[in-house]
Amino acid sequence: MSEDTRWEQLEAAGFNVLNLEPTQIDVDLLSDVPRSAYVPEVRTASVAAVERDGPEPDLEALASHLFGPFRYIFTTRGRAAERALMAGLGLSQFVALAHPLFRTTQSSLLAAGGRVEPVRLRSVEGGSTDLALDWLERRLSTGDVRLVYLEPGTNAVGGWPLSLENVELASRLCRQHGVLLLLDCARLLANCVSLGLSPLDAAPRFTALCDAFTVSCSKEFLVPGGAFAAVRTEALRRRCEAYAFEQGTTLELYDVRARLAAGLRYVTMNPGVLADRARQVKAFAARLSALGVPVVDPPGVHAVYVRVPAEHAGPPLQQRALEALLYRVSGVRSRINPSQALGGPLFRFAVTIGRYPDAALESAAAGIARFLHQLDKAPHLSLVDAEDAHDMFARYRVE
C-alpha cells in the first residue's frame, strides 16, 4: 500500500490509528493481544466447538497446573476479572500502593473506593520494576494501606520484569502489616522468561506469594479474549462469580471456553513459544538500535519502547499526529504511552506471540527509522468530536 493510499485510510479513520481496519495495517504493533487465534491447534478447537457439542473443558484444572491451587473465576476480559475481584473483596475507602497499572486496573480500584499511590521503585536505570523495600516498609507502617497491587512487566515502566526475590520480600512485609498483596499476571510467564526462569516452574512460585491475582489470557495464551481472577477461599470465589454473572461478564460461551482451554494446553505443552517471542523482542530492539532509533534499553518482556524526541513530545493532539505519520510512512500501527517513570512519552511496539515472522519485524524496523527522519511532516490536527469524546476512539481533522 502506498503512502497516498494510507493517507486516504487515515482520513477515513479520522486520523486516529485505533479506527483503522486491521486489513489496512502492514505490521500491527499496537498491542500483544491477537486479533484471532493464530496457532492452528487453538483456532481449530474453537471451530470444532461451534460445529459440535463436546465435553466441557476443565479450565480450572488447566489454570491450576500453570498458576497453582487457587479458586478461579473465568470472565470475558481482563477488566471484567479485575472488577469482579475488587467487588468480591468488598473494600471501601482504602489506599492501594501500586505499580503504574493499566488504565482498566486503576479504574477498578477507583470504582471500589480506592486511592491509588505509586510504589517507589528501587531504581529506574537497571531494567527492573523491583520495589524499594525500605520505602515499602516505612509506608506500610503508617497503617492506612489496605493493599499492594503489583504488575510484572508493567507497560508504564518499559515492560521491565519484576524479580521473584523482590516479590517474596514484599509479600513478607505485607503479611507483617496485614496488607493484601494482589498481582496482575497478564504477562507473568514472559516476566519469568525475561528473568531466565522456567515459566512453568516460576509462575506458581510468584502466585504463591499473593492473596489473589488476575490474568488477561489474550496476552500469553494465544486467544483474543478470556480472563480469570484467582482467589484463596470459596466464599470469595462465590462473591466474585456472583458479581461477574450479574454484570454479564462470565465466560459462558462454550466455543470461547474451548478455545481458551486449547490456548492454556498449548502453552503448557509448548512453552518455547514464549522464549521465541522474547527472542523476537530482543532482535527487534537490536535492529532498531542499529538503525539509530532511540530504544529504551533493555527491551521489555513483551515490547520494545522508543523515546519520542523531546521537541515533538507535545500534548495528546501532537501525539495522535505522530501515530498517524508513523502509519503513513511505514504501515506500522502503534500508540504513544505516557511514562513518568522513564521521563516522557514512549512509543510501545508490542510483539504478539506467533503473529509475525522475523522478516516482518525487520521491515517494520526500517519503516520506523524512516518515520523518525520525517517528524516535521506530522499533520496539524484538531478534534472533530465533542470535547467529552473518549480519547481512544476520537476523530480528528487536518487543520
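Since this is a predicted model, take the numbers as computed values, not measurements.

Cut-offs used in this document
- Residues numbered from 1 in each chain as written.
- Predicted model: local features only at pLDDT ≥ 70, side-chain atom pairs only at ≥ 80, totals over all residues.
- Heavy atoms only, no water.
- Helix = DSSP H or I, 4+ residues; strand = E, 2+ residues; numbered from the N terminus.
- Rg over C-alpha atoms; globule rule 2.2 N^0.38 Å.
- Buried < 20%, exposed > 50% of the residue type's maximum accessible area, 1.4 Å probe, protein only.
- Areas by Shrake-Rupley, 256 points an atom, 1.4 Å probe, with all protein chains shown as cover.
- Lys, Arg positive; Asp, Glu negative; His and termini not counted.
- Charge placed at Lys NZ, Arg CZ, Asp CG, Glu CD.
- Expected span 1.5 Å × (residues − 1).
- Contact = heavy atoms within 4.5 Å.
- Pairing = 2+ DSSP bridges.
- Axes fitted to C-alpha atoms, helices over the stretch in contact; angles between N-to-C directions.

Draft legend 1. Focus on the overall build of the chain. When helices and strands are counted, the chain shows 14 helices and 14 strands. Scaling as 2.2 N^0.38, a compact globule of 399 residues should have a C-alpha radius of gyration of about 21 Å, and the chain matches this with 21 Å. Each principal axis of the C-alpha distribution contributes one length, and for the chain these read about 60 × 55 × 45 Å. Taken across its 399 residues, the chain has 56% of its residues classed as buried. On the chain, roughly 17100 Å² of surface is accessible, and the fraction owed to carbon and sulfur atoms is 51%. Separation between the mean location of the 42 positive side-chain charges and that of the 45 negative ones in the chain comes to 2 Å.

Draft legend 2. Geometry of helix α13 (residues 316-330). Here α13 spans 21 Å end to end across 15 residues, near enough to the 21 Å set by a 1.5 Å rise per residue. Within α13, 11 of the 15 residues are buried, which leaves the element mostly enclosed by the surrounding structure. For α13, the full list of buried residues reads Q319, R320, A321, L322, E323, A324, L325, L326, Y327, V329 and S330. Note on α13: the residue one or two positions beyond its end, G331, has a positive phi of about 80 degrees.

Draft legend 3. Spatial organisation of the environment of V193. Position of V193 among the secondary structure elements: in helix α8 (residues 188-194). Sequence separation between V193 and R355 is 162 residues, and the spatial gap between their C-alpha atoms is 19 Å. Beyond its immediate chain neighbours, meaning those up to four positions away, V193 contacts P199, L274, A275 and A278.

Draft legend 4. Region of the structure containing the sheet that holds strand β3 (residues 94-98). Strand order in the open sheet formed by 7 strands is β2-β8-β7-β6-β5-β3-β4, and the pairing between neighbours is mixed. Pairing within the sheet leaves two strands with one partner each, and these edge strands are β2 (71-75) and β4 (114-118). For this sheet, the mean inter-axis angle between neighbouring strands, taken without regard to orientation, is 20 degrees. For β3 and strand β5 (residues 145-150), the ladder comprises 4 bridges, and the chain directions are parallel. Residue pairing for β5: A96 is matched across the bridge by L147. Packed on one face of the sheet, helix α4 (residues 78-89) meets β2, β3, β5, β6 (180-184), β7 (212-216) and β8 (227-231) and runs near 25 degrees to β8. Contacts from helix α5 (residues 103-111) reach β3, β4, β5 and β6 within the one sheet, and its direction differs from that of β4 by about 135 degrees.

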